[in-house]
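Spelled out from the first residue to the last, the chains are:
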Amino acid sequence: MEHRKLVIIGSGAAGWTAAIYAARAGLKPLVIAGMQRGGQMLIAGEVENFPGFEDAVDGPDLMARMEAQALRVGAEATDDIVVDLDVAARPFKIAGEFDSWTADAVIIATGATARWLGVPGEEDYQGSGVSACATCDGFFFKDQKVAVVGGGNTAAEEALYLSNICTEVHLIHRRNDMRAERILQDRIARTKNIHFHGERTVKEIHGRMPRNEGITHLELVSTVDGSTESLEVDGVFVAIGHDPATKPFVGKIDLDSNGYIATREGGVATSVPGVFAAGDVADPRYRQAVTAAGFGCMAALEVQHWLRDAV
Ligand code: NAP
């Protein structure tokens, strides 16, 4: 079993940034990259909010650049999926589907994936009308009509954010009661261009051909009597929750009530000394490429301190 000072699990913005910092500190990190390198940015389309790119940068292109930068400064990467992390004793043991490693320190940067509705049209128009991130894509719908699906805090915050950019925001929720905090619900009620459509779900997302021309309308269905209606919108934001990729860590590292890795005081330390978390896997709040990169940097710096003091 190969031994490493540092193994980084995950190849999104957090993982590659941690790798850049750790490699430049001489730790020769190994990135276990999953089966597809790049994380959520692979479905991001154009990215206009990552600093340093005057013109929009393509999501996959941005990740390819981060990877190339990490490899150039001395990180190594392997395509494998981690299935188990044994933290009972040091060095930690990391089991992949194909290979196994031991490591003095581990950074978990496995991310979180947006939940999708699974309705016709949703996958077809991802990146050209269908999104799971208003902060990322809202600006593309400036002065247009959009819908937000969901009734939680994320849906509420996305609707409020979009109400400043778009002419109309249609909030579609399968029940009449939102689970979002009361303060957000009150703000929504006071915002004139947010229209609440309770007791409805999206049956299908319709759009133009070719698909990069965007969407035209949603077909909504009533959860009460099954009747359908059409809602014209230029974009739809699906905000029905995220699933952090924490399956191999359940029972080993403390998770919060939503399954995200619990970190100490907003930082990157986990309940296990020597195991750090970075990016969306530990961050239900910001979920941005730039914050993930920031957490990756923090985790790599903490690893350096920890290896110096504890190993
Ligand atoms: P969430 O609280 O789990 O809410 C998901 C919403 O989507 C629910 O309203 C749910 O409906 C709906 N939904 C789920 N599956 C659906 C489906 N297949 N079709 C239609 N609707 C569906 O998720 P979240 O809003 O992303 O929040 C996740 C966690 O992060 C929460 O603990 C939240 O408080 C926290 N958060 C906090 C903040 C903040 O503090 N400002 C901001 C964002 C998120 P039902 O209500 O009917 O189940």
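(A) The sheet that holds strand E10 (residues 130–131), seen in detail. Across the sheet, which stays open at both edges, the five strands sit in the order E10-E17-E11-E12-E13 with parallel pairing between neighbours. Each having just a single partner strand, E10 and strand E13 (194–197) make up the two edges of the open sheet. The sheet contact formed by strand E11 (residues 145–149) and strand E12 (residues 168–172) spans five bridges and is parallel. Of the residues in E12, the one forming a bridge with Lys-145 is Glu-168. Contacting E11, E12, E13 and strand E17 (235–238), helix H4 (residues 153–163) runs over the sheet at an angle of about 170 degrees to E11.

(B) Just the environment of Val-146, in detail. As for its position among the elements, Val-146 is in strand E11. If we ignore the near neighbours within four places in the chain, the residues touching Val-146 are Phe-141, Leu-162, Cys-166, Glu-168, Val-169, His-170, Val-233, Gly-235 and Phe-237.

(C) Fine view of the pairing of strand E15 (residues 215–222). Pairing between strand E14 (residues 200–207) and E15: seven bridges, direction antiparallel. Looking at the pairing, Ile-205 lines up with Leu-218 of E15. From the end of E15 to the start of strand E16 (residues 228–232), which pair antiparallel, there are five residues, and Gly-226 there has a positive phi angle of about 75 degrees.

(D) Fine view of the domain arrangement of the chain. Looking at the assigned domains, one finds that the chain contains domain 1 (2–114 + 242–310) and domain 2 (130–238). Using C-alpha coordinates to define each centre, domain 1 is positioned 32 Å away from domain 2. Contacts between the two partners involve seven residues from domain 1 and, on the opposite side, eight residues from domain 2. Put simply, domain 1 and domain 2 have zero salt bridges between them.

(E) The arrangement of the pairing of strand E8 (residues 100–108) in detail. The buried count for E8 comes to eight of nine residues, which makes it a mostly enclosed element. Pairing of strand E1 (residues 2–9) with E8, which is carried by seven bridges, proceeds in the parallel orientation. If you follow Glu-2 over to E8, its bridge partner there is Trp-101.

(F) Focus on the nonpolar core. Core analysis: the biggest nonpolar cluster contains 36 residues, and Leu-6, Ile-107 and Val-303 have the highest contact counts within it. For this core, the secondary structure elements donating two or more residues are E1, helix H1 (13–24), helix H2 (59–72), E8 and helix H6 (289–310). Those residues in contact with Leu-6 that sit more than four places away from it in its chain are Ala-22, Leu-27, Pro-29, Leu-30, Ala-105, Val-106, Ile-107 and Val-303. If you look at the next biggest cluster of nonpolar residues, it comprises 21 residues, including Leu-30, Val-87, Trp-101 and Ala-277.

(G) Layout of the site of the ligand. Neighbouring the ligand are 16 residues; Asn-153, Thr-154, Glu-157, Arg-175 and Arg-179 lie closest to it. Between Glu-157 and the ligand, the recorded distance is 2.7 Å, taken from a side-chain N or O atom to a nitrogen atom. Between an oxygen atom of the ligand and a side-chain N or O atom of Arg-179, the distance comes to 2.6 Å. Out of a free accessible area of 920 Å², the ligand has 75% covered by protein chains. In terms of residue class, the shell around the ligand is built from two nonpolar, eight polar and six charged. Two domains each donate at least three residues to the shell around the ligand, and these are domain 1 (2–114 + 242–310) and domain 2 (130–238).

(H) Quick peek at the packing of aromatic side chains. Summed over the entire model, instances satisfying the criterion amount to two aromatic pairs. Arranged with centres 6.3 Å apart and planes meeting at 55 degrees, the rings of Phe-50 and Phe-53 form a pair that is tilted. With a relative accessible area of 15%, Phe-50 lands in the buried category. Ring plane angle 85 degrees and centroid distance 5.7 Å describe the contact between Phe-141 and Phe-237, whose orientation is recorded as edge-to-face. Separated by 96 residues along the polypeptide, Phe-141 in the loop between helix H3 (134–137) and E11 and Phe-237 in strand E17 bring together distant segments of the chain.

The rules behind these values
- Residues numbered from 1 in each chain as written.
- Predicted model: local features only at pLDDT ≥ 70, side-chain atom pairs only at ≥ 80, totals over all residues.
- Heavy atoms only, no water.
- Pairing = 2+ DSSP bridges.
- Helix = DSSP H or I, 4+ residues; strand = E, 2+ residues; numbered from the N terminus.
- Contact = heavy atoms within 4.5 Å.
- Axes fitted to C-alpha atoms, helices over the stretch in contact; angles between N-to-C directions.
- Domains from an automatic or database assignment.
- Salt bridge = Lys/Arg side-chain N within 4 Å of Asp/Glu carboxyl O.
- Buried < 20%, exposed > 50% of the residue type's maximum accessible area, 1.4 Å probe, protein only.
- Core = buried A, V, L, I, M, F, W, Y, C linked by side-chain atoms within 4.5 Å.
- Near = heavy atom within 4 Å.
- Polar contact = N/O pair within 3.5 Å; in protein donor to acceptor, adjacent residues only side chain to side chain.
- Areas by Shrake-Rupley, 256 points an atom, 1.4 Å probe, with all protein chains shown as cover.
- Nonpolar A, V, L, I, M, F, W, Y, C, P; charged D, E, K, R; others polar.
- Phe/Tyr/Trp six-rings, centres within 6.5 Å; stacked < 30°, edge-to-face > 60°.

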